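Here are the chains, one letter per residue:
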Amino acid sequence: MATNPGAAAIEVASLVKRYATFTALDEISLRVEPGEFFGLLGPNGAGKTTLISIVAGLVRATSGRALVMGHDVERDFRAARAALGVVPQELVFDPFFTVREILRLQSGYYGLRDNDAWIDEVLQGLGLSDKANTNMRALSGGMKRRVLIAQALVHRPPVIILDEPTAGVDVELRQTLWQFIRSLNQQGHTIVLTTHYLEEAQTLCGRIALLRGGRVIALEATSSLLQRFAGGRLQLRLDGSLPPELEALRVNPASSAELITLRVDDYAEVESMLAAIRVWGSRILEIELMQPDLEDVFLRLVAQEAKP
Amino acid sequence: MTLLRTIWSVGLQTLFTKELLRFWKVAVQTVLAPMLTAVLYLLVFSHVLEGRLDIFPGVGYTAFLIPGLIMMSVLQNAFANSSSSLIQSKITGNLVFILLTPLAHWEFFAAYVAASMVRGLVVGLGLLLTTLWFADLQYAAPGWIVVFAVLGSAILGTIGLIAGLWAEKFDQIAAFQNFIVMPATFLSGVFYSVQTLPPFWRTVSHLNPFFYMVDGFRHGFFGVSDVPLELSLGVCLVTLAVSVAIALRLLASGYRLRY
């Protein structure tokens, strides 16, 4: 497949999608570079699945354009779709076929005959080798999820989109899946991930776009997003009460007197917070400074955007 | 050769094969059951009416009925294949695996309709072989038998595809089948010659494209028909062209597939 040199793995420009009076995507522009592990996060209804669906050719944009490896998803749809593997969010399957039949058919749709060597490799990587001749109906939910991933990989696409791939998956399988996806990324595949498990995105994604109300509200490296938006948390156990001037920083409810969690916007403030407690006459029994996480960033950004 | 390879691509061949396997894996339901239904019609109607009706000179009622029943089965099964496959895939959501691929809309069309034609023709051929025991059929013009069977199955496979695209629920497909396809086939002269109808109903029958499919098909067996063969052929070709144009237009626009 011809790939345009210097082309982004995925590029969307001024993408708009309207359904009657509802705007699902509002002038979204972003670029995912080849080889990236990219996270697409946002609350329900933010427009993540609509954006993915437009890139995959399942939904047509009202205006703007989307490209995969430099190929327009509308005008040059064959090359764009051949470059893309999509793992859909819903656990869908064809009940008429076995796992191997499904993967052979999926290969054929992409013009590939005699793809069994790669199919075997994918089956092995996903722990499906012993299920190859099992009908899809007889598989557990977790196994079906693995087959969905295998289907997205049969044509060795350079770009792989995973839409909530670990929803409803147990911890062990989640780890196996991430190990496999991470190895694909190390082999050079571009991975785009949407997930509700923010710790997953934090661990895996090098860069993140946060969507809300059909708009991109943040787009930067995960590390700088964490630094820029998230302060830490100071967790304390006191033998007295909290000074009134610190109550505004309290994250957990006032009733949970045992363990107090305070928001720290700037680490330089910690010194003055501890001094205020000493002056107030309370003694510190335990103290822990907690690192920022993506959940804080997410909640703060979403809260900021929600303000009029 | 290159053009043929481009058109008959691996993708199209695969989707066609998948559609064939889909009905073949449940052949008892998709092939044997409709054959049994048609044989039951034959047994009942031929038992009641044999010797009482003389429609074409020298042709017994059972022999007259068999081509009609075969064509009815071809049409109904071609329709059922594309419509049920598409609505099932839409409702279960597994159609996404085809929509994500580089297949063009015309390849999607060709694979679904070709597989529907195969199912219709397999049921028709099976029925023809089964009914050899019931009457001595003539084969006055075998070429026309093939032409009208192919045309009829292509038309109904295409209409089934349109119905499958339009429908969003199983009962919408059932309504299409029960209120349009079934009455149109029953009133197409399968069980009788439209020449025996009162003038008003004869005129109404002539507005039904299914009548021309059955009449042209029957001409292939007996060399006689209710209307000239050229007229039947013309109506079938126009019906095919119109239905293909509608189906391709809907697929190209992503109607109820790509929102």
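Residues numbered from 1 in each chain as written. Chains lettered and ligands numbered in written order. Predicted model: local features only at pLDDT ≥ 70, side-chain atom pairs only at ≥ 80, totals over all residues.

Asker: Kindly report on the overall build of chain B, identifying the contributing residues and their values.
Answerer: Looking only at helices and strands, one finds eleven helices and zero strands in chain B. In sequence order, the secondary structure elements of chain B are arranged as α-α-α-α-α-α-α-α-α-α-α. Computed over its C-alpha atoms, the radius of gyration of chain B comes to 19 Å, within 12% of the 18 Å expected for a compact globule of 259 residues. With the principal axes as the frame, chain B shows a C-alpha extent of 60 × 45 × 35 Å. Within chain B, the proportion of its 259 residues that are buried is 46%. The long-range fraction of contacts in chain B, counting pairs at least 24 apart against all pairs at least 6 apart in sequence, stands at 83%. (Helix = DSSP H or I, 4+ residues; strand = E, 2+ residues; numbered from the N terminus. Rg over C-alpha atoms; globule rule 2.2 N^0.38 Å. Buried ≥ 20, exposed ≤ 12 C-beta atoms within 10 Å, placed from the backbone. Contact = placed C-beta atoms within 7 Å.)

Asker: I'd love a proper account of the overall build of chain A, names of residues and values included.
Answerer: In terms of helices and strands, chain A carries ten helices and 13 strands. In terms of its C-alpha atoms, chain A occupies a principal-axis envelope of roughly 75 × 45 × 35 Å. The burial tally for chain A puts 39% of its 308 residues in the buried class.

Asker: Please give an account of the nonpolar core that cites residues and values.
Answerer: The biggest cluster of nonpolar side chains holds 146 residues, and the ones touching the most others in it are V55(A), V68(A), A150(A), I161(A), L69(B), L75(B) and M213(B). In terms of residue count, helix 4 (residues 61-92) of chain B provides more of this core than any other element does, 16 residues in total. Once residues within four sequence positions are removed from consideration, L69(B) is found in contact with A38(B), Y41(B), L42(B), L127(B) and V190(B). Counting five residues, the second-largest nonpolar core is a separate cluster that includes L234(A), L242(A), I260(A) and L262(A). (Core = buried A, V, L, I, M, F, W, Y, C linked by C-beta atoms within 7 Å.)

Asker: An account of the environment of L250(B) is requested, with residue identities and associated values reported.
Answerer: All names here are of chain B. Residue position: L250 is located in helix 11 (residues 229-253). On the basis of neighbour count, L250 is assigned to the partly exposed category, with 18 C-beta atoms found within 10 Å. With 89 residues separating them in the primary sequence, L250 and L161 have C-alpha atoms 10.0 Å apart.

Asker: Any chance you could break down helix 4 of chain B for me, citing the residues and the numbers?
Answerer: Turn by turn, an α-helix covers 3.6 residues, leaving residues three or four places apart pointing in a common direction. Taking 1.5 Å as the rise per residue, helix 4 of chain B with 32 residues should run 46 Å; its terminal C-alpha atoms sit 45 Å apart, in good agreement. Residue G93(B) follows helix 4 of chain B closely and has a positive phi angle near 90°. (Expected span 1.5 Å × (residues − 1).)

Asker: Can you explain the domain arrangement of chain A? Please cite residues and give values.
Answerer: All names here are of chain A. Domain boundaries assigned for chain A yield domain 1 (1-83 + 157-166 + 182-230 + 293-308), domain 2 (93-156) and domain 3 (231-291). Of note, the centres of domain 1 and domain 2, computed from C-alpha atoms alone, are 26 Å apart. Every contact between the two is made by four residues of domain 1 and, on the other side, six residues of domain 2. Among the residues forming the side of domain 1 that touches domain 2, the class breakdown is four nonpolar, no polar and no charged. (Domains from an automatic or database assignment. Nonpolar A, V, L, I, M, F, W, Y, C, P; charged D, E, K, R; others polar.)

Asker: I'd like to hear about the interface of chain A and chain B, residue by residue, with values.
Answerer: A common way to express how large an interface is: the accessible area buried when the components associate. Each side of the interface is counted separately: chain A has 24 residues, and chain B has 23 residues. Secondary structure elements with two or more residues in the side of chain A that touches chain B: helix 2 (77-82) and helix 3 (99-109) of chain A. Split by residue class, the side of chain A that touches chain B holds 13 nonpolar, five polar and six charged.

Asker: Could you give an account of the sheet that holds strand 6 (residues 84-87) of chain A, naming the residues involved and the relevant values?
Answerer: Residues and elements named next belong to chain A. Read across the open sheet, the six strands follow the order 6-7-8-3-9-10; overall the sheet is mixed. The outermost strands of the open sheet, each flanked by one partner alone, are strand 6 and strand 10 (215-221). Sheet twist, expressed as the mean angle between neighbouring strand axes with direction ignored, is 15°. The sheet contact formed by strand 7 (residues 159-163) and strand 8 (residues 190-194) spans five bridges and is parallel. By the bridge assignment, I160 is partnered in strand 8 with I191. Across the sheet, helix 6 (residues 171-186) lies against strand 3 (37-41), strand 7 and strand 8, angled at about 145° from strand 8, the strand it touches most. (Pairing = 2+ DSSP bridges. Axes fitted to C-alpha atoms, helices over the stretch in contact; angles between N-to-C directions.)

Asker: Quick rundown of the packing of helix 3 of chain A against helix 2 (residues 10-24) of chain B? Include the residues and the values.
Answerer: Running from amino to carboxyl end, helix 3 of chain A crosses helix 2 of chain B at an angle of 145°, the nearest separation of the two axes being 7 Å. Residues L105(A), G108(A) and Y109(A) of helix 3 of chain A form the contact with helix 2 of chain B, whose participating residues are V10(B), G11(B), T14(B), L15(B) and K18(B). Of the residues in the contact of helix 3 of chain A with helix 2 of chain B, the class split is four nonpolar, three polar and one charged.

Asker: Kindly report on unusual backbone geometry, identifying the contributing residues and their values.
Answerer: Residue and element names in this part refer to chain A. Notably, M69 is not glycine yet its phi reads approximately 50°, a positive angle. Residue position: M69 is located in the loop between strand 4 (63-68) and strand 5 (71-72). Backbone geometry places R156, a non-glycine residue, at a positive phi of 50°. The residue R156 is located in the loop between helix 5 (141-153) and strand 7 in this model.

Asker: Report on the pairing of strand 11 (residues 232-238) of chain A, specifying residues and quantitative values.
Answerer: All names here are of chain A. In the sheet, strand 11 pairs with strand 12 (residues 260-264) via five bridges, with the strands oriented antiparallel. Along strand 12, the bridge assignment pairs G232 with V264. Here strand 11 runs beside strand 13 (residues 284-290); their pairing, made up of six bridges, is antiparallel. For Q235, the partnering residue across the bridge sits in strand 13 and is E288.

Asker: A description of the sheet that holds strand 1 (residues 10-19) of chain A should follow, citing residues and the corresponding values.
Answerer: Residues and elements named next belong to chain A. The strand order across the open sheet formed by four strands is 2-1-4-5, and the pairing between neighbours is antiparallel. A strand with exactly one partner marks an edge of an open sheet, and here the two such strands are strand 2 (22-32) and strand 5. When strand 1 meets strand 4, the two strands line up antiparallel, connected through five bridges. Across the sheet, residue V16 finds its bridge partner in strand 4, namely S63. Docked against the sheet, helix 1 (residues 48-56) engages strand 1, strand 2 and strand 4, running at close to 115° with respect to strand 1.

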